[in-house]
Number of protein chains: 2
Amino acid sequence: QTKTNTQDAKMNAFVSSLMQKMTVEEKIGQLNLVTPGGTVTGSVVSKDVDSKIRNGQVGSLFGITGPDKIRKAQEIAVNNSRLHIPLIFGLDVIHGHRTIFPIPLGLSCSWNMDMIEKSAEIAASEATADGLSWVYSPMVDIARDPRWGRVSEGSGEDTYLGCQVAKAMVKGYQGSSYSDPTKVMACVKHFALYGAAEAGRDYNTTDMSRIKMYEYYLPPYKAAVDAGVGSVMSSFNEVDGVPATANKWLMTDLLRKQWGFKGFVVTDYTAINEMIDHGLGDLQRVSAEALKAGIDMDMVGEGFLTTLQKSLKEGKVTVAQINAACKRVLEAKYKLGLFDDPYRYCNEQRFNNAILTDANRAAAREFAAKSMVLLKNNNNVLPLQKGKTIALVGPLADNKRNMLGTWSVSGDPEKSITVLQGLKNVAGSDANIIYARGCNISDDTAFAKKVNAFGKEIEIDTRSPQQMIDEAVVAASKADVIVAVLGEAADMTGESSSMSDIGLQKSQKALLDELKRTGKPIVIVLLNGRPMTLTWEDQNADAILDAWFSGTEAGNAIADVLFGNYNPSGKLTMSFPRNVGQIPIYYNHKNTGRPYSGVGAGKFRSNYLDVSNDPLYPFGFGLSYTSFTYSNVTVSSPTIKQGQKITASVTVTNSGKFDGTETVQLYIRDLVGTVTRPVKELKGYQQITLKAGESRKVDFTISVDDLKFYNTDLKRVAEPGDFKVFIGTNSRDVKEADFKLVQ
Amino acid sequence: QTKTNTQDAKMNAFVSSLMQKMTVEEKIGQLNLVTPGGTVTGSVVSKDVDSKIRNGQVGSLFGITGPDKIRKAQEIAVNNSRLHIPLIFGLDVIHGHRTIFPIPLGLSCSWNMDMIEKSAEIAASEATADGLSWVYSPMVDIARDPRWGRVSEGSGEDTYLGCQVAKAMVKGYQGSSYSDPTKVMACVKHFALYGAAEAGRDYNTTDMSRIKMYEYYLPPYKAAVDAGVGSVMSSFNEVDGVPATANKWLMTDLLRKQWGFKGFVVTDYTAINEMIDHGLGDLQRVSAEALKAGIDMDMVGEGFLTTLQKSLKEGKVTVAQINAACKRVLEAKYKLGLFDDPYRYCNEQRFNNAILTDANRAAAREFAAKSMVLLKNNNNVLPLQKGKTIALVGPLADNKRNMLGTWSVSGDPEKSITVLQGLKNVAGSDANIIYARGCNISDDTAFAKKVNAFGKEIEIDTRSPQQMIDEAVVAASKADVIVAVLGEAADMTGESSSMSDIGLQKSQKALLDELKRTGKPIVIVLLNGRPMTLTWEDQNADAILDAWFSGTEAGNAIADVLFGNYNPSGKLTMSFPRNVGQIPIYYNHKNTGRPYSGVGAGKFRSNYLDVSNDPLYPFGFGLSYTSFTYSNVTVSSPTIKQGQKITASVTVTNSGKFDGTETVQLYIRDLVGTVTRPVKELKGYQQITLKAGESRKVDFTISVDDLKFYNTDLKRVAEPGDFKVFIGTNSRDVKEADFKLVQ
């Protein structure tokens, strides 16, 4: 505490001394974040950016990498600007930097926080070796709508798990302090509610009650703040009718006053300017509103740079408001150690030795395997047996371009391992692989054009669809088993990649249809960035392995799992709907006043006429090559009092033939409240590895804090009454026990 | 004012004198609403109900009709209960009573408030002739999700239009006073937000911000209150995490204190009991919470009857709370004139002369024609020419059972006119009609079983689907034109009838597919209770007439329109999506910060990769057999000041060959606000009838009140700045002018 106080005092003295020397123009310059254009390959600094840096009109920069380029840009700031204030260099480092890990939705399915933290730590290590000190991650937006493309960048639908991931990511990026030159400053995004985009359409309006915000959507941002995240990014959407970027309740009352956030807030890309389209006013007006709401840094749009002085003169903003923002930016630079050494991230030796290392690739391979979710495995068709002939088909089976997934701006697709390569690497002479592409990701050229905004992810073969299918059928007819690598192109999810239909594309369904007729067992390896509708596939395939977009080591990791070198252990963090018409669908829904049991006609109960209420694959679901059986649940006491804890226990047995890892999940239901409570909520989980035949007792401690929720006064309370505790292998298949909270 | 005061004073004196004689038990009895079971055909009063009425344990009754039966029940109350307090008799009279009008969604598409008012007036006339004095209508729940089955019972997605309909319906039912024995007391429902059921699944949770409630969802309820509605029904859903039926903010702070509602609040069917499943507590607890929140009458569940005395003894409710509820119920009885004459609705002469009259049937035929919406009409295939051969096909072409639509409990399907009958009636010898059923509504027996909860709406033919299609194809081959009557069974919409797929059923698509191959022009007559996805049909049919469920005179009215005796004039009050993945889709959406123009790839704009942002048929859309051309829009002044009005004008020309009626629509956009404003909002419309070739100037008065909206303080304000006014034939095809609100 004292040490922190001393450090803070030193920082305050330094920053306030510096600010005394600064003109208002220079202060505003610190609030300006620019990109020279061209995420990686563009010129180091365009002429315009160059002169702005000289003029003290730039506080930070993003979109360039490499110690050499970054040093050159930093030199301009340090040598040529009047006060020699160094720049921060940021980038979209989302799921790994050069070594790409699975997309965040995939990583979250590992339910392994040590691993997730390690993934951020490696990303930080590579990013800092590449000259960077600031990453726009983690994205912690809770999302219940798989149409929304950015579900791929988040951790799914659950608040509790989302908070764990938020904390792990911040810890991984920042370590104990981001003054460490192998750590970066993290930026939690998108504050707030961005994941609730209406109709799953990116950038669309969001709307919800305060109680829903507090209970489900806000906690992961707060978890990142509590973990010490250095910066926060504002979201594009509105909150209560006011864009987040101009929302003072959000940015000041909630974030700073209620939560005590001390870092700075940066907008998302041109978010200030976009408030013109939101209908909040002209650039001067929206820039002033953003500053007054609590925004400190303006990304790319330069509304602050070009209008704040005018607003200041006209009394529309105050010097105090500009000072507050400038101070927060300078404090971040101080904490990053940039005033001590502006070139501390420009370490050529680390650049040469710390990027895409064997260790990092090995980690990527391990993390990818641990992120995969086995959705189906009839008759133990997986793991693949040795000595067999495999027909490897599908447009993603030998496809480097789509392995990395969305927002992998520094990843090199050429360095990625395809499934074909992976199978060969892992199986060696133990398998005979016949490859046939089988179909295009999509045959729709207009659709392909939209998806290919960043490059040719969907390539349409010169052969006709029927020719491709025929080739695949011939391959299948010669094989013992078909492995069909299907799914999405990388940018069918991610930013600005929402889909109204989340099933496999027609071309792929047609291939599956024909393969099915061969009568050969079909293993689908799905590469995807979102939950998909797989009703037909679930009924017709023998096995489905959801591999997400697995990153640089995708093919090796998929092969590890297919051949049983890694027994899959991932569990879904988002529900998979049966059809689009069920959306939004999520496990922790309310019971309603007319719940439908699923049995009987259901007239006057809450259901659809044409589909069940249940998802195809529920939250927390994931199979293993072995099987786990659960004993009944016991509680150490039927009652719990304020300040006390009880233990809920279960014995888990590996009842199959493989060693395996299981994520034992704990859910709680509050049966009676002053506000309605969900049918169950995740409140804990434990990952255990059991040898075939082994049993283990698993204890969960339940404290009164686990029973708390926000009441109508938005106070977090635990109300006396009856509770249920559920323990199981997923959110659907659980065993239960009762207990009571007494006063 | 003085007269009202005197009347009120007389009522107060009467009611308070009566209440002084009442025991607490008798007061609670007045809060009890029961149904003897069996909506129409059940025994008059079951033994249990009989004895409860004698014991003063019943305040009102619903589910029986006929002056004879109702007189018998009333006699028990008046002759055998201690204080002789008469009962109120209610029923689900939704879109007509015995003479069934189009479903409310259809009626709303007339945009004809006189007609809608008249429909309620006729319903009231028939209901009172049938012994009733209270109807559970209008339903004014704004809905943006066509999956929700109850969209059929509402007036669509728009708040402004919804307010007009709410007002017209209350006026039609209640007249200037429901003391008139040909009028009924109305009951506006479902308060509040029921139409926002999540995922379009009936009875599901609802959630939204207060600002969204105030701006879009609450105004129609308030319009009904302002129109003097006698009663309000609580909704099943929760509002801000608390079920409406226990929501004191909603029922007392908003409804009574802010809006000044003076009538009584009844729950929906067993809504109090259902709060046990919502998780609010046991029956005693939820009953007490309901009373304290402001509920006056308990429908069917008898939670009040069985627990309020206990709660009173235990201090959980007060006598004052019971008195307040009892007083409101007695006031309603007083206003209905029941204390003057408990049998005033038991008029055998009216029962014999005022029900299903020729005049009422003629009105039903007229209202049905005016509610239909022509969605497509290529090459003027409609109106049908005389002297031709028509292949009339489809499972709804000769189907009495499904003409009336949902919640037509007193309608007799046997009295309805099928399309086949209607065509014969209207065309006589002018057409040669070959009928073939063509397909089942659905071939899915499990689905049919669910839909057929109230009777055999989906009948599966003994012939195979192919045999039926073959017969239709033969008919088509002999015809000049195909009229295919397709769509939904009546109870595929309505309560507890949500659908995740809102396209035509597979059986009907298969029929259309084969008919298309004949090359004959195809006219689809669609009978439906919700917006459907018609992308294929729009591309492949020559004409589409949306006839909704048109009621008793369905067939005649459809024939009137098909043969051009009535030139269609209906306009959609709900957007028709292209696919389910676009839902929710509505015209008055926000612009967002990244609006997509629809042109170009749209990367980083708000859109989907696989479908456009636009609906297939927009709000306000509807064709005519003639065409209307619009001049540019002029405004009388470029500026408007507080207290002033301006006029926006357009000249509309009937540029086609038929006389026709057009609904000229006025929309306004507020370009800049302190909260984000929708891209356009309906603020007026005028219905004009023009002879072929005729032109007319249409003036709209715009006042500052039309520019108001709720700001973040939930104050309704008009903010100075720029506005756009749009006038056009639907919400998409408009011309615009600018004006400014100055201070």
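(A) Quick peek at the interface of chain B and chain A. Taken together, the contact pairs 78 residues of chain B with 79 residues of chain A. Overall, the association of chain B and chain A removes approximately 6,500 Å² of surface from exposure, summing both partners, and the carbon and sulfur fraction of that is 50%. Of all residues in chain B, B:Lys450, B:Arg594 and B:Leu609 bury the most surface against chain A, accounting for 12% of the area lost on that side. Seen at the junction of chain B and chain A, the total is ten salt bridges. Note that B:Lys212 is salt-bridged to A:Glu198, the shortest N-O span being 3.9 Å. Elements with a contribution of two residues or more to the side of chain B that touches chain A: helix H8 (210-217), strand S8 (242-243), helix H11 (274-278) and helix H18 (445-451) of chain B. Residues that form the side of chain B that touches chain A fall into these classes: 30 nonpolar, 27 polar and 21 charged.

(B) Structural detail: the confidence of the model for chain A. All names here are of chain A. Averaged over every residue, the pLDDT of chain A is 96; residues scoring 70 or more account for 98%. Ignoring residues within four places in sequence, the model shows residues 38-45, a span with pLDDT below 50, making 23 contacts including any to other chains. Across the whole predicted complex the pTM is 0.98, and at the interface the ipTM reaches 0.97.

(C) Representation of the pairing of strand S11 (residues 373-377) of chain A within the structure. All names here are of chain A. Where burial is concerned, most of S11 is hidden: five out of the five residues are buried. Across four bridges, the pairing between S11 and strand S16 (residues 543-546) is antiparallel. Bridge assignment links Leu374 to a residue of S16, and that residue is Leu545.

(D) Here's a closer look at helix H13 (residues 303-313) of chain B. Among all positions of H13(B), only B:Gly303, B:Phe304, B:Leu305, B:Thr307, B:Leu308 and B:Ser311 are buried. Downstream of H13(B) by one or two residues, B:Gly315 has phi in the positive range, about 75°.

(E) Expanded view of the relation of the copies chain B and chain A. Superposition of chain B onto chain A requires a rotation of 180° combined with a translation of 0.0 Å along the rotation axis, giving an RMSD of 0.0 Å. Taken together, the turn and the small shift mark the pair as related by a two-fold rotation axis. Here 100% of the interface residues in chain B have copies in chain A that are interface residues too; the copies meet face to matching face.

(F) Seen up close, the sheet that holds strand S3 (residues 88-91) of chain A. All names here are of chain A. Strand order in this open sheet of five strands is S4-S3-S2-S1-S10, and the pairing throughout is parallel. Because the sheet does not close on itself, it has two edges, and the strands there are strand S4 (134-135) and strand S10 (298-299). Note that strand S1 (residues 32-34) and S10 share two bridges and pair parallel. Bridging across to S10, Leu33 finds its partner in Met299.

(G) Representation of the side chain of B:Ser60 within the structure. With respect to the element layout, B:Ser60 can be found in strand S2 (residues 60-62). When neighbours within four sequence positions are excluded, B:Ser60 is seen to be in contact with B:Asn32, B:Leu33, B:Val34, B:Leu87, B:Ile88, B:Trp134, B:Met297 and B:Lys333.

What counts and how
- Residues numbered from 1 in each chain as written.
- Chains lettered and ligands numbered in written order.
- Predicted model: local features only at pLDDT ≥ 70, side-chain atom pairs only at ≥ 80, totals over all residues.
- Heavy atoms only, no water.
- Contact = heavy atoms within 4.5 Å.
- Buried area = accessible area lost by both parts, 1.4 Å probe.
- Salt bridge = Lys/Arg side-chain N within 4 Å of Asp/Glu carboxyl O.
- Helix = DSSP H or I, 4+ residues; strand = E, 2+ residues; numbered from the N terminus.
- Nonpolar A, V, L, I, M, F, W, Y, C, P; charged D, E, K, R; others polar.
- pLDDT = per-residue confidence, 0-100.
- Buried < 20%, exposed > 50% of the residue type's maximum accessible area, 1.4 Å probe, protein only.
- Pairing = 2+ DSSP bridges.
- Least-squares fit on C-alpha atoms with pLDDT ≥ 70 in both.

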